[in-house]
Amino acid sequence: SIDEAGNVTSDDFELNENTPYSFAVTIENVRIPPTLNILKVDDLGIALAGIPFTLVEQPNANNPIVGATPQATVTAVDGSMNFTLSIGSTYLLREARPDAYAPAGPWLVEVALNGTVTMTDQSGINSLRYWTINAENTFGVTIINQRELVNLRVLSVDENFDTPLPNTSFNL
């Protein structure tokens, strides 16, 4: 440890301005891997729970050979989930399509050597809405699925179910 006066101490030795030795010190800064936080909602902002996502590392210039096991998880009750990313890596993020919703994704997730994360929608649907970065090296995105419209066809038939009845109206 280093105190306010610049003295270096350890359990094994103490160095200060009176120490007659010279030495070299190597200080290594370890990069904290970024975390991708995802919030999964529908077009009304309602959280979608239990939606499976898979993150698969892709070959890139920094990592031409990829043998990592895909990361897989499902969204929690509040629609949230997260993945830990590696510096200098590229991933493909896919979701299992929720019932009654239009598909979204896949997304390409790129982590630059400086830790910057870029996420692009590969489908052209533009299902990404909010992108935030905070000091803890955490990146957040909200992924929105549009509800699908349901087509309903109602046909009124006679009691034998074989002849359509004309001029019948229904209220839904």
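Residues numbered from 1 in each chain as written. Predicted model: local features only at pLDDT ≥ 70, side-chain atom pairs only at ≥ 80, totals over all residues. Heavy atoms only, no water.

A. Up close: the side chain of Glu 57. By secondary structure assignment, the location of Glu 57 is in strand E4 (residues 52-58). A residue is classified by how much of its surface remains accessible, and Glu 57, at 16% relative accessible area, is buried. Here the side chain of Glu 57 touches Ser 89 through a polar contact of 3.0 Å, side chain to side chain. (Helix = DSSP H or I, 4+ residues; strand = E, 2+ residues; numbered from the N terminus. Buried < 20%, exposed > 50% of the residue type's maximum accessible area, 1.4 Å probe, protein only. Polar contact = N/O pair within 3.5 Å; in protein donor to acceptor, adjacent residues only side chain to side chain.)

B. Representation of the sheet that holds strand E5 (residues 71-74). The five strands are arranged E5-E4-E7-E8-E9 in an open sheet whose pairing can be described as antiparallel. Of all the strands in the sheet, just E5 and strand E9 (117-121) have a single pairing partner and so form its edges. Direction aside, neighbouring strands of the sheet carry axes that sit 20 degrees apart on average. Bridge count between strand E8 (residues 107-111) and E9: five bridges; the pairing is antiparallel. The residue of E9 that forms the bridge with Val 111 is Val 117. (Pairing = 2+ DSSP bridges. Axes fitted to C-alpha atoms, helices over the stretch in contact; angles between N-to-C directions.)

C. Structural view of the side chain of Glu 95. Relative to the assigned elements, Glu 95 resides in strand E7 (residues 90-95). One polar contact links Glu 95 to Lys 40, side chain to side chain, over a distance of 2.6 Å. Within the local environment of Glu 95, its side chain forms a polar contact with the backbone nitrogen of Ala 104, the two atoms lying 3.5 Å apart. With residues near it in sequence (within four places) discarded, Glu 95 still touches Lys 40, Ile 51, Pro 52, Phe 53, Pro 103, Ala 104, Trp 107 and Asn 145. (Contact = heavy atoms within 4.5 Å.)

D. Unusual backbone geometry, seen in detail. Cis geometry is adopted by the peptide bond preceding Pro 106, which originates at Gly 105 and carries an omega value of 5 degrees. Along the chain, Pro 106 turns up in the loop between E7 and E8. Unlike most non-glycine residues, Ala 100 shows phi in positive territory, near 70 degrees.

E. A nonpolar patch on the surface, seen in detail. Together, Leu 152, Val 154 and Phe 170 make up an exposed nonpolar region whose accessible area comes to about 300 Å². With respect to the secondary-structure elements, Phe 170 resides in the segment after strand E11 (138-145). (Patch = residues over 30% accessible without salt bridge, like charges linked within 9 Å, V, L, I, M, F, W, Y side chains within 5 Å. Areas by Shrake-Rupley, 256 points an atom, 1.4 Å probe, with all protein chains shown as cover. Salt bridge = Lys/Arg side-chain N within 4 Å of Asp/Glu carboxyl O.)

F. Local environment of the environment of Pro 70. Tracing the backbone shows Pro 70 in the loop between E4 and E5. Relative accessible area serves as the criterion here: at 43%, Pro 70 is assigned to the partly exposed category. Put simply, Pro 70 and Glu 57 are 13 residues apart on the chain and 6.9 Å apart in space, counted from C-alpha to C-alpha. With residues near it in sequence (within four places) discarded, Pro 70 still touches Thr 54, Leu 55 and Val 56.

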